[in-house]
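What follows is each chain in one-letter form.
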Amino acid sequence: MIMTMIILYTMLFQQPSVYDYSFTSIDGKKINLADFKGKQLLLVNTASKCGFTKQYKELQELHEQYGDKLIVIGFPSDNFGNQEYGNNEEIAEFCEKNFGVNFILSEKVDVKGEDQTALFKYLTEAENPDFKGDINWNFEKFLINKDGKLAHRYRSKVTPLDKEITKQIL
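Residues numbered from 1 in each chain as written. Predicted model: local features only at pLDDT ≥ 70, side-chain atom pairs only at ≥ 80, totals over all residues. Heavy atoms only, no water.

Asker: Help me out: how do you make sense of the pairing of strand 6 (residues 141–144) in this one?
Answerer: The alternating pattern of strand 6 places K141 and L143 on one face and F142 and I144 on the opposite face, and all of these are buried. Across four bridges, strand 3 (residues 40–46) lies against strand 6 in antiparallel orientation. In the strand pairing of strand 6, V44 is matched with K141. Across four bridges, strand 6 lies against strand 7 (residues 150–154) in antiparallel orientation. The residue bridging I144 from the neighbouring strand is L150, located in strand 7. The hairpin formed by strand 6 and strand 7 contains five residues between the paired strands, and G148 there has a positive phi angle of roughly 85 degrees. (Buried < 20%, exposed > 50% of the residue type's maximum accessible area, 1.4 Å probe, protein only. Helix = DSSP H or I, 4+ residues; strand = E, 2+ residues; numbered from the N terminus. Pairing = 2+ DSSP bridges.)

Asker: Help me understand helix 3 (residues 88–99), please; the structure alone is not making it clear to me.
Answerer: Residues spaced three or four apart along an α-helix face the same direction, because each turn holds 3.6 residues. The terminal C-alpha atoms of helix 3, which comprises twelve residues, lie 16 Å apart, in line with the 16 Å expected from a rise of 1.5 Å per residue. For helix 3, every residue scored as buried is listed here: I91, F94 and C95. All buried residues of helix 3 lie within an arc of 95 degrees about the axis, which places them on one face of the element. Within helix 3, the exposed residues directed more than 90 degrees away from the buried face are E89, E93 and K97. On its buried face, helix 3 is in contact with helix 2 (55–66), strand 4 (70–76) and strand 5 (104–105). Capping the start of helix 3, N87 holds a side-chain oxygen 3.0 Å from the backbone nitrogen of E89, two or three residues further along. (Expected span 1.5 Å × (residues − 1). Arc of directions from axis to C-beta. Contact = heavy atoms within 4.5 Å. Polar contact = N/O pair within 3.5 Å; in protein donor to acceptor, adjacent residues only side chain to side chain.)

Asker: I tried to follow the packing of aromatic side chains on my own but got confused; where do I start?
Answerer: The geometry of an aromatic ring pair comes down to the distance between the two centres and the angle between the two planes. Tallied over the entire structure, the rule returns ten aromatic pairs. Judged by centre distance (5.1 Å) and plane angle (65 degrees), the rings of F23 and F75 are edge-to-face. Of this pair, F23 sits in strand 1 (residues 22–24) while F75 sits in strand 4, placing them 52 residues apart in sequence. Residue F23 is classed as buried on the basis of its relative accessible area, which comes to 8%. According to the relative accessible area criterion, F75 is buried, its value standing at 2%. An aromatic cluster is defined as three or more aromatic residues linked by ring pairs; in this entry it consists of Y56, Y85, F94, F99, F103 and F139. (Phe/Tyr/Trp six-rings, centres within 6.5 Å; stacked < 30°, edge-to-face > 60°.)

Printed below as a string of structure tokens:
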């Protein structure tokens, strides 16, 4: 009886983490974020036709330099100014051809608004030392700690290789 109550209490009051979410990769595979337990994650809403698109290059460098500690995942989105290609194949081709991207990309998703994915609803509402609320533009970044909690959030102008981010990689 006591064990049942402990399990029930844990289920009711356990704080959610990114490990509770999954997504579909750009090539159609289901990916559970729980598969990355023990590593930090950098989740970024991306777009191919944006003034910040050149950040793909630094995201790839971050992936290459810290890939043993940090998993970089891009989430292409067309929520800001119609700045993303129409389909996943075009997005993947653009990213690989122009920036050599081989870090994980999700299928095209909504990161805000009525059709916002559950993961980004969690990320924009999660407690963190920086700020909460809607994403303002493409290339906002969410740094997740090894416990699956949002550790820091960065606006678009903070580049992937900025010391604000790299000093947090453990």
